[in-house]
Amino acid sequence: MNSSKSPGLAGFGILKNTTCHTEKKISVFFSIIFMTVGILSNSLAIVILMKAYQRFRQKSKASFLLLASGLVVTDLFGHLINGAIAVFVYASDKDWIRFNQSNILCSVFGICMVFFGLCPLFLGSVMAVERCIGVTKPIFHSTKMTSRHVKMMLTMVCLFAVLIALLPILRFRAYQIQASRTWCFYKTEHVEDWEDRIYLLLFSCLGFLALAISFLCNAVTGITLLRVKFKSQQRQGRSHHFEMIIQLLAIMCVSCICWSPFLVTMARIGINEGRSKETCETILFALRMATWNQILDPWVYILLRKAVLKNLYKITSGCCGVHVLNLHMWELSSIKNSLKVAAISESPGSSKQINLQPLNSVGQ
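Rules behind the numbers
Along each chain, the written sequence defines residue order, and numbers are assigned to residues from 1. Only residues with pLDDT of at least 70 are given local features in this predicted model, and only at 80 or more are side-chain atom pairs given and counted; all residues enter the totals for whole chains, interfaces and linings. Based on all heavy atoms of the structure, the side-chain values leave hydrogens and waters out of the count. Only one rule defines a salt bridge in this text: a Lys or Arg side-chain nitrogen within 4 Å of an Asp or Glu carboxyl oxygen. We call a residue buried when its accessible area falls under 20% of the maximum for its residue type, exposed when it is over 50%, and partly exposed in between, using a 1.4 Å probe and counting protein chains only. We define the nonpolar core as a collection of buried residues of types Ala, Val, Leu, Ile, Met, Phe, Trp, Tyr and Cys that are connected through side-chain atoms lying within 4.5 Å of one another. Strands here mean DSSP runs of E at least two residues long; helices mean DSSP runs of H or I at least four residues long; both are numbered from the N terminus. Contacts: residue pairs with any heavy atoms within 4.5 Å of one another. Whenever a nitrogen or oxygen atom comes within 3.5 Å of another N or O atom, the pair is scored as a polar contact, on the condition that within protein one atom can donate a hydrogen and the other can accept it, and that pairs from neighbouring residues in sequence are kept only if both atoms are in side chains. The span you would expect from a helix comes to 1.5 Å times its residue count less one.

S.K.: Outline the pattern of salt bridges, listing residues and values.
M.R.: Applying the stated rule across the entire model yields six salt bridges. A salt bridge links Asp95 to Arg98; the shortest N-O distance between them is 3.4 Å. Judged by relative accessible area, which is 53%, Arg98 ranks as exposed. Where salt bridges share partners, they join Arg171, Arg173, Asp193, Glu195 and Asp196 into one cluster.

Right under this line is the structure:
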């Protein structure tokens, strides 16, 4: 698949003089543990999100829950597919020449690594944009952001991630077996061709762009919610927004911590034309950090729910002996009240209704 190498031998040149060694037993053990924990965590998060989606199907939280479910499902399949291939490679003594003569498995592995790496980052940024619109433009969100539109957004994000993952294949460039012989990705050693550098830089830039969009939208959403909170007449009916922004902030922090080392490493390799001082162990550590993102994402929805946060508040307030927040903010009816307040404030006759109320009260 490469112009300089036959398809069957693409990527095997790196196997001759590799200096990156991993303990097979330890690596297999950690791969199995990561895959098992990731599958169980994401499965539990899917159950929680789907139950919440059934409850809030016709309300403003439904679109956020649908996007969150797509993110968790993507993480689940990432663990299933990438984890299964990694365990198979370890079980086969990393002998790629024996089971990958046509380079098909390496290509599939590389496509999955790119897709399941970028797709969660894209979905996190889309969720941040959706919540920003829901908080700043509630009427537009309630009328235009339907389930059909959200599903179209999910489909477009996935197709875009697939396109980025298929670029090397469409350009007849093979994914390369990395120095540790445990995974496949873009070419990261002796990168001399400009196209190989473009792939690395494109992956890094798209990842950082998704994180930047998430940060910007979450900042706008947080500032808006804080401004609303300090207005006494609109203090109620916003608890579901606070719950979702807490989850979004947690997702953004987890993504930044887990993905930044890998994105920075790939960018440095692309900029320095493969002559950077990044060792195989450094790249492998950054990859494992990125893998933790798919494990920690579902726990954001498992732990940072209203029921859990409410219990944590009770425990904290009981230990500290202080009461900062009123528990009525966590009532389920607050979602309905929020939509009613937004609809009344945007309706043409709202001002008349507000002006008539004091006159009626005086007459009584």
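S.K.: Can you lay out the nonpolar core for me, pointing to particular residues and giving the numbers?
M.R.: Counting 74 residues, the largest nonpolar core has Val114, Met127, Trp183, Phe185, Tyr186, Phe203 and Phe262 as the members making the most contacts within it. Within the residue set of this core, elements represented by two or more residues are α1 (24–55), α2 (62–91), α4 (104–136), α6 (147–170), β2 (184–185), α7 (194–229), α8 (239–271) and α9 (280–303). If one sorts the elements of this core by residue count, α4 sits on top with 15 residues. Once residues lying within four places of it in the same chain are set aside, the contact partners of Tyr186 are Val114, Ile164, Pro168, Tyr175, Gln176, Gln178, Tyr199, Leu200 and Phe203.

S.K.: Tell me about the side chain of Thr188, and name the residues and values.
M.R.: In this structure, Thr188 sits in the loop between β2 and α7. Within the local environment of Thr188, its side chain forms a polar contact with the side chain of Gln178, the two groups lying 2.5 Å apart.

S.K.: Before we move on, can you summarise α7 with the specific residues and values?
M.R.: Compared with the 52 Å implied by 1.5 Å per residue over 36 residues, the 52 Å span of α7 between its first and last C-alpha is a close match. With a side-chain oxygen lying 2.8 Å from the backbone nitrogen of Glu195, the N-terminal cap of α7 falls on Asp193.

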